[in-house]
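Letter by letter, the chains look like this.
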Amino acid sequence: MTIVSTVGLSMQIGLRSIGIWPNAPYAFLFRGAWILTTGIVQTFQYWWVVIHFGNDDMSHLIDGLSVTVEYTLMSLKLIILWLNSRIFYDVLAAMAADWKEAAINEMQTMTSKANISRYIANVIIGLHSAAVIVYVIDVLVFRTSNYNVDGIETSVREFTLKLQLPFECNESPLYEVIMLLEFLHQLVASATNGVLNCLIITLILHISGQIEILCNALRDISLGKNNQEELILSIKALISKHQKIIVFSGSIEQIFCYIALIQVFSGLIKSLIFYMVVTIEAFIFCFCGEYLSAKSKMIGDAAYNSIWYDFKLNECKLVLFIILRSQRRLTITAGKMMDLSLEGFTSIMKASLSYVSILHAMY
């Protein structure tokens with residue numbers, strides 16, 4: 001079956017479920033359901049944190065606070081994506097146009113990027129879902145507390161989400177019903193978080209494929225195959241494609257710069273238990289930024305390696321125009337304050353380790 005989109009089925013289902021897929025039926029209904037359920041869960045989560053703050057052991061409090069912050073982070077990502085839905089729709093339309101206009105020799109590059117995107121999305125979404133299942137099993141099997149009240153030993157079973165519910169729910173069958181609802185909600189939320197993390201990977205892989213196609217076209221420019229008029233038209237078409245890549249990159253930047261900012265700073269307030277997950281998420285954003293920057297540099301190199309020295313002066317100026325524009329590398333930023341790159345990831349890790357050392361010294 002021929003692939004006609006970089007966005008895989010698992011990503012499409014996830015985006016439809018949060019009401020962000022173009023022309024999807026009941027999109028506002030899905031958004032309303034997310035706002036309602038997440039709002040209720042977050043209210044009871046923060047109520048639990050306030051009640052148990054200072055009155056519970058640190059590990060138990062941090063466990064509940066970490067999940068609460070993770071939910072808040074996911075909610076903020078959804079809100080930012082919803083606010084930028086028009087830009088996101090334009091990005092998807094541009095991707096669809098790239099597939100529709102792709103030549104036969106370009107399909108191999110685009111299909112390769114699409115396959116990589118699908119594989120990564122399935123793995124990350126699967127890992128997020130598996131993490132919830134393992135966590136639920138851990139809660140059900142190992143987290144039952146026994147308390148002695150007036151000489152009577154009482155068993156208190158924990159929930160997967162730390163919620164301060166306004167009613168007693170430790171007895172069956174109410175406990176099982178709430179546990180099932182929490183599990184389903186947590187599973188969907190975790191998978192959605194994986195979809196949001198995979199989204200930037202999908203978009204970056206698509207634009208990197210377009211950059212590779214542009215670089216190949218620049219290398220394949222030949223005087224022997226085209227007359228002067230056709231050559232100029234070909235170069236102008238490549239300039240137009242370069243402009244589309246720049247616009248596409250700017251749209252990704254506009255959508256994800258504040259999501260990236262939230263993601264970067266969220267690592268400073270999460271617990272050590274989730275530190276590895278936070279590090280992976282930060283690395284994904286920084287690696288994507290580095291990958292985009294590295295790919296954008298290839299445009300200038302490809303233009304320089306073309307046979308521009310055989311062109312006439314006015315034709316050389318057109319190639320020089322591409323080289324000059326490619327000097328400003330394409331980047332993704334965290335709130336327009338720092339470029340997401342491997343160097344930036346190193347700085348984030350150093351800052352995180354410094355904060356951990358301070359907290360360790362305090363306690």
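Residue numbering note: each chain is counted from 1, following its sequence as written. The predicted origin of the model limits local features to residues at a pLDDT of at least 70 and limits the giving and counting of side-chain atom pairs to 80 or more, whereas totals for whole chains, interfaces and linings rest on all residues. To obtain the side-chain values, all non-hydrogen atoms of the structure were used and water was disregarded.

As recorded by an unreviewed UniProt entry, the chain carries the name Odorant receptor and is attributed to Cardiocondyla obscurior. In the Sequence similarities (unreviewed entry) part of its UniProt record, the chain is described as follows: "Belongs to the insect chemoreceptor superfamily. Heteromeric odorant receptor channel (TC 1.A.69) family." UniProt positions are given in the numbering used here, feature names are shortened, and annotations may be inferred rather than shown by experiment.

According to UniProt, the positions carrying the feature "transmembrane region" (unreviewed entry) are residues 26–48, 119–137, 183–205, 245–266 and 272–292. We count a stretch as a helix when DSSP gives it H or I for four or more residues in a row; a strand needs E for two or more, and each element gets its number in order from the N terminus. In this annotation, residues 183–205 is assigned 100% helix and 0% strand; the end-to-end C-alpha distance for the span is 33 Å. Annotated as residues 245–266, this span is 100% helix and 0% strand, and its ends, taken at the C-alpha atoms, are 30 Å apart.

Residues form patches when they are more than 30% accessible in relative terms and have no salt bridge. Like charges link within 9 Å. Nonpolar side chains (Val, Leu, Ile, Met, Phe, Trp, Tyr) link within 5 Å. All accessible-area figures derive from a Shrake-Rupley calculation using a 1.4 Å probe, and residue coverage is judged against the displayed protein chains alone. A pairing counts as a salt bridge when a side-chain nitrogen of Lys or Arg comes within 4 Å of a carboxyl oxygen of Asp or Glu. A cluster of nonpolar residues, Phe-265, Leu-268, Met-337, Tyr-355 and Ile-358, forms a patch on the protein surface that exposes about 520 Å² of accessible area. Its place among the elements puts Met-337 in the loop between α9 (313–326) and α10 (342–362). Only protein chains enter the calculation, and the probe is 1.4 Å; a residue is then buried if its accessible area is under 20% of its type maximum, exposed if over 50%, and partly exposed in between. For Met-337, a relative accessible area of 59% translates into the label exposed.

What follows deals with the packing of helix α6 (residues 174–219) against helix α7 (residues 228–266). Lines fitted to C-alpha atoms define the axes here, with helix axes fitted over just the stretch in contact, and angles between the N-to-C directions of these axes take values from 0 to 180 degrees. With their axes 11 Å apart at the nearest point, α6 and α7 run at an angle of 160 degrees to one another. Taken together, the axes of α6 and α7 lie roughly antiparallel to each other. In the crossing of α6 with α7, the sense of the turn from one axis to the other is left-handed. Gly is placed with the polar residues, together with every amino acid not listed as nonpolar (Ala, Val, Leu, Ile, Met, Phe, Trp, Tyr, Cys and Pro) or charged (Asp, Glu, Lys and Arg). Taken together, the residues that form the contact of α6 with α7 break down as 16 nonpolar, six polar and one charged. Our angle categories are set so that under 35 degrees counts as roughly parallel, over 145 as roughly antiparallel, 65 to 115 as roughly perpendicular, and the remainder as oblique. Left-handed describes a crossing whose near helix is turned anticlockwise from the far helix by less than a right angle; the clockwise case is right-handed.

In this section: the packing of aromatic side chains. We describe a pair of aromatic rings using the distance from one ring centre to the other and the angle between the two ring planes. Any two rings among Phe, Tyr and Trp, with Trp reduced to its six-membered ring, count as a pair given centres within 6.5 Å; such a pair is stacked if its planes are under 30 degrees apart, edge-to-face if over 60, and tilted if neither. Counted under the stated rule, the structure contains four aromatic pairs. Grouping aromatic residues by their ring pairs yields a cluster made of Phe-283, Phe-287, Tyr-291 and Phe-345. Whether a charge sits over a ring depends on NZ of Lys or CZ of Arg being within 6 Å of the ring centre and within 35 degrees of the ring normal. When the ring centre of Phe-28 is taken as reference, the NZ or CZ atom of Arg-31 above it lies at 5.5 Å.

With 87 residues, the main nonpolar core has Leu-15, Leu-218 and Phe-256 as its most contacted residues. Counting residues per element, this core draws most heavily on α6, at 19 residues. A contact between two residues is defined here by any heavy atoms of the two lying within 4.5 Å. Setting aside its immediate chain neighbours within four residues, Phe-256 contacts Leu-196, Leu-199, Ile-200, Leu-203, Phe-285 and Thr-333. By size, the runner-up hydrophobic cluster in this structure holds five residues, among which are Trp-99, Ala-102, Ala-114 and Ile-213. Only buried residues count toward a nonpolar core, which is a set of Ala, Val, Leu, Ile, Met, Phe, Trp, Tyr and Cys residues joined through side-chain atoms within 4.5 Å.

Let us look at the pattern of salt bridges. It is possible for side chains bearing opposite charge to pair when their charged atoms get close. Throughout the structure, instances matching the rule amount to four salt bridges. With its nearest N and O atoms 2.5 Å apart, the salt bridge here joins Glu-212 to Lys-295. Highlighted residues: Glu-212 in helix α6 and Lys-295 in helix α8 (residues 275–304), separated in sequence by 83 residues. Exposure remark for Lys-295: the relative accessible area of 10% places this residue in the buried category. Across the salt bridge formed by Lys-336 and Glu-253, the nearest N and O atoms sit 3.3 Å from each other. Here Lys-336, found in the loop between α9 and α10, pairs with Glu-253, found in helix α7; they are 83 residues apart in sequence, far enough to count as distant. The exposure class assigned to Lys-336 is exposed, which follows from its relative accessible area of 56%. Classification of Glu-253 by relative accessible area gives buried; the value is 10%. Linked by salt bridges that have partners in common, Lys-113, Glu-212 and Lys-295 make up one network.

Even without being a glycine, Asn-23 presents a positive backbone phi close to 60 degrees. One can find Asn-23 in the loop between α1 (9–17) and α2 (27–52). Exposure remark for Asn-23: the relative accessible area of 80% places this residue in the exposed category.

Right, let's talk about the environment of Val-50 for a bit. Here Val-50 is to be found in helix α2. On the basis of relative accessibility, which here comes to 61%, the residue Val-50 falls in the exposed class. Distance in space between the C-alpha atoms of Val-50 and Leu-65 is 10.0 Å, their sequence separation being 15 residues.

Structurally, the position occupied by Ser-208 is in helix α6. We classify Ser-208 as buried; its relative accessible area is 1%. If we skip the residues at most four places from it in the chain, Ser-208 touches Lys-113, Tyr-291 and Lys-295.

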